[in-house]
Amino acid sequence: MTSKLHFFLLVSVSCAYLQVSMAGDPDILTDFIPPPLFGPPGGNYFTFTGMRALVGAPFPTTFKVLKASMDEFPALEGQSVSYAVLQFPNGTVNPPHTHPRASELLFVLMGSLQVGFVDTTNKLFTQTLQQGDIFVFPKGLVHFQFNCDAKNTALALSAFGSARPGTVKVPSAVFNSTIDDQVLALSFKTDVATIQKIKSGVSG
Ligand SMILES: *[C@@H]1O[C@H](CO)[C@@H](O)[C@H](O)[C@H]1NC(C)=O
Ligand SMILES: *[C@@H]1O[C@H](CO)[C@@H](O)[C@H](O)[C@H]1NC(C)=O
């Protein structure tokens, strides 16, 4: 009886381990996913030219993200990778957010960035990155990036381990998602008026 139980536990633990180690985009059973309707794809289908817009363009005046994920670049479907270019004017922040489906590998191409993530025990891991540095944000954890330089812009390239990492912005998920004011007031141990004040700032 006991050995049967041990065997069952061993099998369960192995299965759980297998599931964890295989977590990521589902594998496809073809080399790639061709575009629907059109004939066999050529090299164009595997090329994303959306970032050409950055070349020689003036730097934006607010924080801006340009994505090359499955929605913008359909050939990524089933390939478990995607990119985003992050442009930070001086003094701007990419507010706390998570990517539920991917780890993020951020490469500072220009300027410097203060970055951080919070683990499931609420411990903050933070670092000031210089041009040329790479930082990894573990999958699903809340993180931010801040260009604290008052004079210079910062530019970063982020790679994701999913063709569609998804983004949950913490301020909007909590305060701009029509969660009941009462629920938020109780959760944050404050009153409805304070919640409404925060909501008016986040929804704008
Ligand atoms: C960004 O730089 C401009 C021009 O130097 C300056 O006027 C502005 O105050 C800076 N912004 C921040 C948030 O530091
Ligand atoms: C807040 O929600 C509204 C309605 O869904 C949306 O139009 C708006 O863009 C959201 N604002 C922010 C800052 O996410």
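Details of the structure are given in the entry above.
Computed from a predicted structure; not experimentally measured. Position numbers for residues count from 1 along each chain, tracking the sequence in the order it is written. Key to labels: chains lettered from A, ligands numbered from 1, both in the order written. Local features in this predicted model are restricted to residues whose pLDDT is 70 or higher, and side-chain atom pairs enter the listing and the counts only when it is 80 or higher, whereas totals over whole chains, interfaces and linings include all residues. Each side-chain value is derived from all of the structure's non-hydrogen atoms; neither hydrogens nor water enter the calculation.

Student: So what's going on with the sheet that holds strand β10 (residues 168-169)? Which residues, and what values?
Tutor: Pairing between strands requires that DSSP locate at least two bridges from one strand to the other. Helix numbers and strand numbers start at the N terminus; a helix is a DSSP run of H or I with at least 4 residues, a strand a run of E with at least 2. Spatially, the five strands line up as an open sheet ordered β6-β5-β8-β3-β10, and their pairing is antiparallel. Strands with a single pairing partner mark the edges of an open sheet, and in this sheet they are β6 (124-129) and β10. Here three bridges tie strand β3 (residues 93-98) to strand β8 (residues 142-146), and the two strands are oriented antiparallel to one another. Paired with Val 93 across the bridge in β8 is Phe 146.

Student: Could you give an account of the sheet that holds strand β2 (residues 82-88), with specific residues and numbers?
Tutor: Within the open sheet, the five strands sit side by side as β1-β2-β9-β4-β7. Their pairing is antiparallel. This sheet does not close on itself; its edge strands, each paired only once, are β1 (64-68) and β7 (134-137). Between one strand and the next, the sheet's axes are offset by a mean angle of 20°, whatever the strand orientation. Here strand β4 (residues 104-110) pairs with β7 via four bridges, running antiparallel. By the bridge assignment for β7, Phe 107 is matched with Ile 134. Between the N-to-C directions of two axes lies an angle of 0 to 180 degrees, each axis being a line fitted to C-alpha atoms and, for a helix, fitted only over the stretch in contact.

Student: Give me the lowdown on the packing of aromatic side chains, citing residues and values where you can.
Tutor: Each pair of aromatic rings taken from Phe, Tyr and Trp, with Trp reduced to its six-membered ring, is defined by centres within 6.5 Å and is described as stacked if the planes are under 30 degrees apart, edge-to-face if over 60, and tilted in the remaining cases. All told, the structure shown has eight aromatic pairs when counted by the stated rule. Each ring, one from Phe 32 and one from Phe 46, has its centre 5.0 Å from the other, and the planes form 85°; the classification is edge-to-face. A residue pair is termed long-range when its members are at least 10 positions apart, and Phe 32 in the loop between α1 (2-21) and β1 and Phe 46 in the loop between α1 and β1 qualify at 14 residues. Looking at Phe 46, the relative accessible area reads 39%, which means it is partly exposed. With centroids separated by 6.2 Å and ring planes inclined at 55°, the aromatic side chains of Phe 117 and Phe 135 adopt a geometry described as tilted. A residue pair is termed long-range when its members are at least 10 positions apart, and Phe 117 in strand β5 (residues 113-118) and Phe 135 in strand β7 qualify at 18 residues. No difference in accessibility class separates Phe 117 from Phe 135, as the two residues are buried. Only protein chains enter the accessibility calculation, which uses a 1.4 Å probe; a residue whose area is less than 20% of its type maximum is buried, one above 50% is exposed, and one in between is partly exposed.

Student: Before we move on, could you go through the site of ligand 1 and cite the residues and values that matter?
Tutor: By convention in this text, a residue qualifies as near a molecule or strand provided that one of its non-hydrogen atoms is within 4 Å of it. Around ligand 1 lies a shell formed by Asn 90, Gly 91 and Ala 150. Isolated, ligand 1 exposes 360 Å² of accessible area, and the fraction of that covered by the protein chains is 31%. Under the convention used here, a 1.4 Å probe and the Shrake-Rupley method define accessible areas, while residue burial counts only the protein chains that appear.

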